[in-house]
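Descriptive analysis of the structure
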Amino acid sequence: MKYITLLGATGSIGLQTLDVIRQHQDLFTVHALAFGKNIAKAIPLIKEFKPKKIVVQDWETLQRLEMEYATSEILVGNEGMIEVSMDCETDILVNAVLGSVGLDATLRAIEANKTIAIANKETLVTAGHLVMEKARKHQVHLLPIDSEHSAIFQCLQGENNKEINRLILTASGGSFRDKTRAELEYVTLEDALQHPNWSMGAKVTIDSATMMNKGLEVIEAHWLFGVSYQAIDVILHKESIVHSMVEFDDKSIMAQLGTTDMRTPIQYALTYPSRLPLPQTNSLDLIEIGKLHFEEMKFERFPCLKMAYEAGKTGGTMPTVLNAANEAAVSLFLQKKISFLQIEKLVENELTQHYVIDHPELEAIQVIDKETRKRVVSSVK
Ligand code: NDP
Ligand code: MG
């Protein structure tokens, strides 16, 4: 039996992780659940999975939870997430929290030698060098949940992992893939939240529409697989059937295909290296799909992707700024305080103003993350 601690339990990935656990109760037990503020979603999960420990985002949520439901040990905030992630009873940490708030818990879980299934890509973007350095030192497995990275990870099993020529990440194009730049002036929040292929949380859906999501994923791939930015390509693939590919030195390409169901990569991360049945997921009907399309990714159409490549190549604190500015800008867009195209402008402003620190320590990253967010928010007031 493996004991699981899940950060971001009430989110899109969190709920699908619990769905996988529900199907394999002989293998997994939930040890701790952490969420933000959504008590209404959390209570049924607490009743069903009976975690020993619960973490909520703040004291107000703790009081509300205690009023509505007398329950086991409740912890609060970042400290709480760190405590359950390091807990000696945790075997696998599933980090599905949203944003760079997940960084401390990831780092501390690595120090405690936990296996980590990671969906929280912002952690790797904001401080990939620290995470990977620690993971190497403690020989900890970081198992990707993000579908593109799970695809690459699956292609690299066996003896395949040494002769990589390039990684090819596929991108669906997001909600606005068929719109011109001019048409983007007038899009609304409601339009942006309609992803054509995947059902995901709000932030990652907006990131897909700006193509920042693919930019964050390029940086995530760089760190997870140790591949240079020059050897990571992104291509448009509107069907989202090929989840990503690896080209080897002999120019042979391996791809992983599947339906757009995140439970497949989540389960693979939980059961790795085994593959178990996933009865609720359908087989791909290749005959019905008939054709797959691949197109060139145009940087002029998706400047966020270009900014992410450049931030990644510059390194140091540049990706931290990219991520923090983007988190703050997307949050403003979700509150309807800025337009869709202002997201990329706010991120660009921060990147051009930033004076890079090379090889930053955790403290420097935390300060820059906080200051960048503050500046973005105050710039629109
Ligand atoms: P959601 O917005 O659906 O869920 C986010 C979760 O994080 C919720 O449980 C939320 O709690 C919690 N949370 C948010 N802020 C805090 C905080 N400050 N402290 C504690 N908990 C917090 O996001 P997703 O599930 O879509 O995404 C999660 C991560 O997975 C992201 O990094 C995303 O990029 C990545 N990912 C997601 C995919 C998807 O299909 N959704 C695919 C690939 C990667 P509450 O709602 O209770 O406030
Ligand atoms: Mg992805």
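These numbers come from a predicted model, not from an experiment.

Secondary structure summary: the protein contains 17 helices and 12 strands in total. Taking 381 residues into account, the globule formula puts the C-alpha radius of gyration at 21 Å, and the protein, at 20 Å, falls close to it. Considered along the principal axes of its C-alpha atoms, the protein spans approximately 55 × 50 × 40 Å. Put simply, the protein has 381 residues, and 47% of those count as buried.

As a matter of local geometry, ligand 1 sits amid 28 residues, with G11, G36, N38, M200 and G201 nearest to it. For the shell around ligand 1, the secondary-structure elements that each account for two or more residues are α1 (12-23), α6 (121-138) and α10 (202-210). Taken together, the residues of the shell around ligand 1 break down into 13 nonpolar, 10 polar and 5 charged. Shared between two domains, the shell around ligand 1 takes at least three residues from each, and those domains are domain 1 (2-140) and domain 2 (148-260 + 281-302).

Once that is clear, we can look at the UniProt feature "binding site: 1-deoxy-D-xylulose 5-phosphate" (unreviewed entry) in the protein. Look at the UniProt record and you will see "binding site: 1-deoxy-D-xylulose 5-phosphate" (unreviewed entry) annotated at K121, S147, E148, S172, H195, S208, N213, K214 and E217. Here S147 lies in helix α7 (residues 147-155). Among the residues examined, S147 registers 23 C-beta atoms within 10 Å and is labelled buried. Those residues in contact with S147 that lie beyond four places of it in its chain are H243, M262 and P265. For E148, the contacting residues outside a window of four places in its chain are L169, T170, E217, H243 and S244.

What follows concerns the nonpolar core. By size, the foremost hydrophobic cluster in this structure holds 103 residues, and its most contacted members are L33, A34, A308 and L322. If one sorts the elements of this core by residue count, helix α15 (residues 318-334) sits on top with 9 residues. The residues contacting A34, other than those within four sequence positions of it, are L6, L7, G8, A9, V55, G80, M81, V84 and V97.

Another point: the pairing of strand β1 (residues 2-7). Where β1 and strand β2 (residues 28-34) come together, 6 bridges link them in parallel fashion. Each bridged residue has a counterpart across the sheet, and for L7 the counterpart in β2 is A34. Handedness of the β-α-β unit built from β1, α1 and β2 comes out right-handed. Sheet analysis places β1 next to strand β5 (residues 92-95), joined by 4 bridges and oriented parallel. Note on β5: the bridge partner recorded for L6 is V94.

According to UniProt, the "binding site: NADPH" (unreviewed entry) feature falls on T10, G11, S12, I13, G36, K37, N38, N120, E122 and G201. Here I13 is to be found in helix α1. If we ignore the near neighbours within four places in the chain, the residues touching I13 are G8, A96, A119, I145, M262 and I266. Look at G36 and you get buried, because 20 C-beta atoms sit within 10 Å. When residues no more than four places from it in sequence are discounted, the contact partners of G36 are T10 and Q57.

With mixed pairing, the 5 strands of this open sheet are ordered in space as β11-β10-β8-β9-β12. Two strands bound the open sheet, and with one partner strand each, they are β11 (253-257) and β12 (295-296). Across 5 bridges, strand β8 (residues 164-171) lies against strand β10 (residues 242-248) in antiparallel orientation. When the bridges of β10 are listed, L167 appears paired with V246. On top of the sheet, α7 reaches β8, β10 and β11; it is set at about 40 degrees to β10, its chief contact.

Let's shift gears to the domain arrangement of the protein. According to the domain assignment, the protein consists of domain 1 (2-140), domain 2 (148-260 + 281-302) and domain 3 (315-381). On the side of domain 3, 9 residues touch domain 1, which itself brings 7 residues to the contact.

What follows deals with helix α16 (residues 340-353). All of the buried residues along α16 are F340, I343, E344, L346, V347, E350 and L351. End-on view of α16: buried residues confined to an arc of 160 degrees, all on one side of the axis. Exposed and facing more than 90 degrees away from the buried side of α16 are T352 and Q353. Residues of α16 that are buried make contact with α8 (181-184), α9 (189-192), α10, α14 (303-314), α15 and α17 (362-379).

Scoring rules and cut-offs
Residues numbered from 1 in each chain as written. Chains lettered and ligands numbered in written order. Predicted model: local features only at pLDDT ≥ 70, side-chain atom pairs only at ≥ 80, totals over all residues. Helix = DSSP H or I, 4+ residues; strand = E, 2+ residues; numbered from the N terminus. Rg over C-alpha atoms; globule rule 2.2 N^0.38 Å. Buried ≥ 20, exposed ≤ 12 C-beta atoms within 10 Å, placed from the backbone. Near = placed C-beta within 6 Å. Nonpolar A, V, L, I, M, F, W, Y, C, P; charged D, E, K, R; others polar. Domains from an automatic or database assignment. UniProt positions renumbered as here; feature names shortened; annotations may be inferred. Contact = placed C-beta atoms within 7 Å. Core = buried A, V, L, I, M, F, W, Y, C linked by C-beta atoms within 7 Å. Pairing = 2+ DSSP bridges. Right-handed = clockwise from strand over helix to strand, strands pointing away. Axes fitted to C-alpha atoms, helices over the stretch in contact; angles between N-to-C directions. Arc of directions from axis to C-beta.

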